[in-house]
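Residue strings, one per chain:
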Amino acid sequence: MPTKKRYPLAVNVGVRIAQIRKRKGWTQADLGRRCGVGQKRVSEIECGIKAIGIDSLDRVAEALGVEPYVLLLPDPRRL
């Protein structure tokens, strides 16, 4: 099975979402329920396989209790 392409900005956003989600002690399914998507979609977003649309970014940010721009910040480990 071929490896799915990952997009650098999408990976960065996905890492940020996963970091915040895990700090809250939530599973991917928990986050999915809170923003109206399935666990598989959350997994694809967090892995950078699927880019997140602006409306979805807003819903995820709201579910996580952060401003949307926070999800776009660079990963400090990559600076």
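Scroll up for the structure.
Since the structure is predicted, the reported quantities are computational estimates derived from the model, not experimental observations.

### Focus: the packing of aromatic side chains
Piece 1. Per the counting criterion, the structure on display carries 0 aromatic pairs.
Piece 2. It is Arg34 that lies over the ring of Trp26; its NZ or CZ is 3.9 Å from the centre.

### As for the nonpolar core
Piece 1. Core analysis: the biggest nonpolar cluster contains 16 residues, and Val13, Ile17, Leu31, Ile52, Val60, Leu64 and Leu71 have the highest contact counts within it.
Piece 2. Mapped onto this core, the elements with two or more residues apiece are α1 (8-23), α2 (28-35), α3 (39-47) and α4 (54-64).
Piece 3. Per element, the largest residue contribution to this core is 5 residues, and it comes from α4.

### Here's the deal with the packing of α2 against α4
Piece 1. One way to put it is that α2 packs onto α4 with a least axis distance of 9 Å and a crossing angle of 110°. Put simply, α2 runs roughly perpendicular to α4. In the crossing of α2 with α4, the sense of the turn from one axis to the other is right-handed. Between α2 and α4, the contacting residues are Leu31, Arg34 and Cys35 on the first element and Arg59, Val60, Ala63 and Leu64 on the second.
Piece 2. Residues that form the contact of α2 with α4 fall into these classes: 5 nonpolar, no polar and 2 charged.

### Considerations on the environment of Ile49
Piece 1. Among the structural elements, Ile49 can be located in the loop between α3 and α4.
Piece 2. On the basis of relative accessible area, Ile49 is assigned to the partly exposed category, the value being 22%.
Piece 3. Expressed as a C-alpha distance, the spacing of Ile49 and Arg6, which sit 43 residues apart in the sequence, is 4.9 Å.
Piece 4. The residues contacting Ile49, other than those within four sequence positions of it, are Lys4, Lys5, Arg6, Tyr7 and Glu44.

### A few points about the packing of α2 against α3
Piece 1. α3 packs onto α2 with a crossing angle of 105° between their chain directions and a minimal axis gap of 8 Å. As the angle between them shows, α2 and α3 are arranged roughly perpendicular. For the pair α2 and α3, contact is made by Gln28, Ala29, Leu31 and Gly32 and by Gln39, Val42, Ser43 and Glu46, respectively.

Conventions we followed
- Residues numbered from 1 in each chain as written.
- Predicted model: local features only at pLDDT ≥ 70, side-chain atom pairs only at ≥ 80, totals over all residues.
- Heavy atoms only, no water.
- Phe/Tyr/Trp six-rings, centres within 6.5 Å; stacked < 30°, edge-to-face > 60°.
- Lys NZ or Arg CZ within 6 Å of the ring centre and 35° of its normal.
- Core = buried A, V, L, I, M, F, W, Y, C linked by side-chain atoms within 4.5 Å.
- Buried < 20%, exposed > 50% of the residue type's maximum accessible area, 1.4 Å probe, protein only.
- Helix = DSSP H or I, 4+ residues; strand = E, 2+ residues; numbered from the N terminus.
- Axes fitted to C-alpha atoms, helices over the stretch in contact; angles between N-to-C directions.
- Parallel < 35°, antiparallel > 145°, perpendicular 65-115°, else oblique.
- Left-handed = near helix turned anticlockwise from the far one by under 90°.
- Contact = heavy atoms within 4.5 Å.
- Nonpolar A, V, L, I, M, F, W, Y, C, P; charged D, E, K, R; others polar.

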